[in-house]
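A structural walkthrough
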Amino acid sequence: MTCGGGGAIITNDEQIAKHAKHISTTAKVPHAWEFVHDETGYNYRMPNLNAALACAQLEQLPKFLEWKRALANAYQQFFKGTGIGFITGIENAVPNFWLNTIVLNNIDERNAFLQETNANKVMTRPSWCLIHKLSMYVNCVHGNLDNSLWLEERLVNIPSSYHDNLKALNSIQFENNEIAK
């Protein structure tokens, strides 16, 4: 669900709600004329037009989630038996399938998959670049990132909007049948 900008925090804890509102409205301490901020704050207030759009989107949320689940289920069937893993969810949680992601065996398979799908106008993308590799953070301290590096070489984000994405994927003639069916 999108509303153009801004967002919402949902909690059933009154203290968390008060603190979230405080820091999302610049952490300004109420005063008639002074501008005092008692902690790091942010200007995360949502404009009224965006809030109206969010309310309209909320009304449609069950339908959107149904479509996303249907697409994810279709992707699971599409990739079954191909050697490509489809990220589903974790136990005792209900995924929203905002982003559909697959896991390939290595970077060469990932790159071949990306090349083939994009050449056939199916927009697929590798997972985001790890932040410690970006030029502005390359000298920053970081811990062991072996798992993150392993995933970065294998993850591919596939189309997640509910349109004819599966039809497009089915039409691709993969050069390497080990990559996909």
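Notes on the structure follow. Worth saying up front: this structure is predicted, and the values here are computed from it rather than measured.

Parameters at a glance
- Residues numbered from 1 in each chain as written.
- Predicted model: local features only at pLDDT ≥ 70, side-chain atom pairs only at ≥ 80, totals over all residues.
- Heavy atoms only, no water.
- Helix = DSSP H or I, 4+ residues; strand = E, 2+ residues; numbered from the N terminus.
- Buried < 20%, exposed > 50% of the residue type's maximum accessible area, 1.4 Å probe, protein only.
- Contact = heavy atoms within 4.5 Å.
- Areas by Shrake-Rupley, 256 points an atom, 1.4 Å probe, with all protein chains shown as cover.
- Salt bridge = Lys/Arg side-chain N within 4 Å of Asp/Glu carboxyl O.
- Phe/Tyr/Trp six-rings, centres within 6.5 Å; stacked < 30°, edge-to-face > 60°.
- Lys NZ or Arg CZ within 6 Å of the ring centre and 35° of its normal.

Attention now goes to the overall build of the protein. Helix and strand counts for the protein stand at five helices and four strands. Along the protein, helices and strands appear, N-terminal first, in the series α-α-β-β-α-β-α-β-α. Burial statistics for the protein: of 181 residues in total, 26% are counted as buried. Considering only intrachain contacts with a sequence separation of at least 6, the fraction spanning at least 24 residues in the protein is 60%. Total accessible area computed for the protein in this model is approximately 12,900 Å², and 56% of it derives from carbon and sulfur atoms.

This brings us to the pattern of salt bridges. Enumeration according to the criterion identifies three salt bridges in this entry. Taking the shortest distance from any N to any O, the salt bridge between Glu 152 and Lys 133 comes out at 2.6 Å. Linking Glu 152 in helix α4 (residues 146–152) with Lys 133 in the loop between β3 (125–126) and α4, this pair joins segments that are 19 residues apart in sequence. The residue Glu 153 makes a salt bridge to Arg 154 at a minimum N-O spacing of 3.6 Å.

Summarising the element assignment, Ser 24 is placed in helix α1 (residues 14–24). Judged by its relative accessible area of 16%, Ser 24 falls in the buried class. Excluding residues within four positions of it along the chain, Ser 24 makes contact with Tyr 42, Asn 43, Tyr 44 and Arg 45.

What follows covers the packing of aromatic side chains. Counted according to the given criterion, the structure contains seven aromatic pairs. Measuring from ring centre to ring centre gives 5.1 Å for Tyr 42 and Tyr 44, while their planes differ by 15°; the resulting arrangement is stacked. Taking the relative accessible area as the measure of exposure, Tyr 42 reaches 37% and is therefore partly exposed. A residue is classified by how much of its surface remains accessible, and Tyr 44, at 55% relative accessible area, is exposed. Arranged with centres 6.4 Å apart and planes meeting at 25°, the rings of Phe 86 and Phe 97 form a pair that is stacked. Taken together, the positions of Phe 86 in strand β1 (residues 85–86) and Phe 97 in the loop between β1 and β2 (100–103) put the pair eleven residues apart, joining distant regions of the chain. Overall, Phe 86 belongs to the buried group, its relative accessible area being 13%. The class of Phe 97 is buried, set by a relative accessible area of 10%. Feature note: the residues Tyr 75, Phe 78, Phe 79, Phe 86, Phe 97 and Phe 113 constitute an aromatic cluster, connected by ring pairs. Over the ring of Phe 35 we find Lys 28; its NZ or CZ atom is 5.1 Å from the centre of that ring.

Time to look at the environment of Val 29. Along the chain, the position of Val 29 falls in the loop between α1 and α2 (48–79). Sequence-wise, Val 29 and Glu 39 are ten residues apart; in three dimensions their C-alpha atoms are separated by 9.5 Å. Setting aside its immediate chain neighbours within four residues, Val 29 contacts His 22, Val 36 and Asp 38.

Of note, Thr 26 is a non-glycine position whose phi angle comes to about 75°, a positive value. Mapped onto the secondary structure, Thr 26 falls in the loop between α1 and α2. Judged by its relative accessible area of 23%, Thr 26 falls in the partly exposed class. The phi dihedral of Phe 97 falls on the positive side, at around 55°, and the residue is not glycine.

In short, geometric facts, not functional conclusions.
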